[in-house]
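As a plain string of letters, each chain reads:
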Amino acid sequence: MNTNRTLAILKPDCVRRALSGSVLQQIENAGFKVCALHMVQLSRERAEGFYAVHRERPFFNDLIDFMTSGPCIPMVLEKPNAVEAFRTLIGATDPQDADEGTIRKRFASSKAENIVHGSDSPENAHIEIAYFFGDHGSIPVDIS
Ligand code: CMP
């Protein structure tokens, strides 16, 4: 299991509010290398597949509405212990609970529209990277 990589998504609110550059700058300033990145408009089917573990949650439909409301930017990030390091950088799911200086504290407007996604375990990072970058020729580069 490669513990040096995680999957991030700059969500539709981030793109819509023209914050992609600022958020990416903070990610790079924190020492993450961008190994792959592209902008996509998710279909409902693609978004539902990505968030399948949340299918029974009451917020699932709102989450899918939001994630399909405009383009988003999935990316593969590399840094030692990437999953934990990135979750520390982005802060808690609800920006009201996020630490000062974290990406969600700085930029997110609500728990639903929280700017960025980060994988929650190395196992899920592996699955999520494959979901967006596995099978269509967009292979994360080796930047080391
Ligand atoms: P993310 O890290 O992308 O993973 C699941 C997402 O569901 C989460 O970020 C939030 O944006 C969203 N989410 C979690 N809890 C709620 C909630 N109570 N209401 C709306 N959206 C939520």
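Read on for a plain summary of the structure. All figures in this text were calculated on a predicted structure; none of them were measured in a lab. (Residues numbered from 1 in each chain as written. Predicted model: local features only at pLDDT ≥ 70, side-chain atom pairs only at ≥ 80, totals over all residues. Heavy atoms only, no water.)

## A closer look at the site of the ligand
In plain terms, the rule: Any residue with a heavy atom positioned within 4 Å of a molecule or strand is treated as near that molecule or strand. Definition of a polar contact: a pair of N or O atoms within 3.5 Å, with one able to donate and the other able to accept a hydrogen when the atoms are protein atoms, and with sequence-neighbouring residues admitted only if both atoms are side-chain atoms. Only the protein chains shown count as cover for residues, and all accessible areas are computed by the Shrake-Rupley method using a 1.4 Å probe. Classification convention: Asp, Glu, Lys, Arg as charged; Ala, Val, Leu, Ile, Met, Phe, Trp, Tyr, Cys, Pro as nonpolar; all other residues, Gly among them, as polar.
Neighbouring residues of the ligand: Lys11, Tyr51, His54, Phe59, Leu63, Thr93, Arg104, Lys111, Ala112, Asn114 and His117. At 2.8 Å from an oxygen atom of the ligand is found a side-chain nitrogen or oxygen belonging to Lys11. Backbone polar atom of Lys111 to an oxygen atom of the ligand: 3.1 Å apart, as the coordinates give it. About the coverage of the ligand: the protein hides 79% of its 450 Å² of free accessible area. Looking at the shell around the ligand residue by residue, the classes come out as 4 nonpolar, 4 polar and 3 charged.

## A closer look at the state of the cysteines
Spelled out, the test is: Here, the term disulfide refers to a pair of cysteine sulfur atoms separated by no more than 2.5 Å. Accessibility here uses a 1.4 Å probe with only protein chains present; expressed as a share of the type maximum, an area under 20% marks a residue as buried, one over 50% as exposed, and anything in between as partly exposed.
Enumeration over the complete set of coordinates arrives at 0 disulfides. Cysteine Cys14 shares no disulfide, and the gap to the nearest cysteine sulfur, in Cys72, comes to 10 Å. With a relative accessible area of 0%, Cys14 lands in the buried category. Cys72 sits in the buried class, given a relative accessible area of 0%.

## Considerations on unusual backbone geometry
Stated precisely, the cut-off is as follows: Here a helix means four or more residues in a row that DSSP labels H or I, a strand means two or more in a row labelled E, and each is numbered from the N terminus.
A positive phi angle, close to 55°, is found at Asn81, a residue other than glycine. As for its placement among the helices and strands, Asn81 is situated in the loop between β3 (73-78) and α5 (82-90). Exposure remark for Asn81: the relative accessible area of 44% places this residue in the partly exposed category. Look at Ile115: it is not a glycine, yet its phi comes out positive at around 75°.

## What to know about the nonpolar core
Stated precisely, the cut-off is as follows: Residues belong to a common nonpolar core when they are buried Ala, Val, Leu, Ile, Met, Phe, Trp, Tyr or Cys residues joined through side-chain atoms within 4.5 Å.
Residues Leu10, Val23, Ile27, Phe86, Ile103 and Ile115 are the most contacted members of the largest nonpolar core, which totals 19 residues. Of all the secondary-structure elements, those providing two or more residues to this core are β1 (5-10), α1 (12-16), α2 (20-29), β3, α5 and α6 (103-107). Cys35, Ile64, Ile129 and Phe133 belong to the second largest nonpolar core, which has 18 residues in total.

## Re the side chain of His117
Under the convention used in this document: By definition in these notes, contact holds between two residues if any of their heavy atoms fall within 4.5 Å.
When you line up the elements, His117 lands in strand β4 (residues 116-118). Within polar-contact distance, the side chain of His117 engages the side chain of Glu128 at 3.0 Å. Apart from the residues within four sequence positions on either side, His117 is in contact with Leu7, Ala8, Ile9, Lys11, Phe50, Tyr51, Phe86, Ile90, Arg104 and Glu128.

## Considering the pattern of salt bridges
To keep things clear, this is the line we draw: A pair is scored as a salt bridge if a Lys or Arg side-chain nitrogen falls within 4 Å of a carboxyl oxygen belonging to Asp or Glu.
Evaluated as defined, the whole model comprises 2 salt bridges. Between Glu78 and Arg5 there is a salt bridge, with its nearest N and O atoms 2.7 Å apart. Taken together, the positions of Glu78 in strand β3 and Arg5 in strand β1 put the pair 73 residues apart, joining distant regions of the chain. A residue is classified by how much of its surface remains accessible, and Glu78, at 15% relative accessible area, is buried. Arg5 sits in the buried class, given a relative accessible area of 17%.

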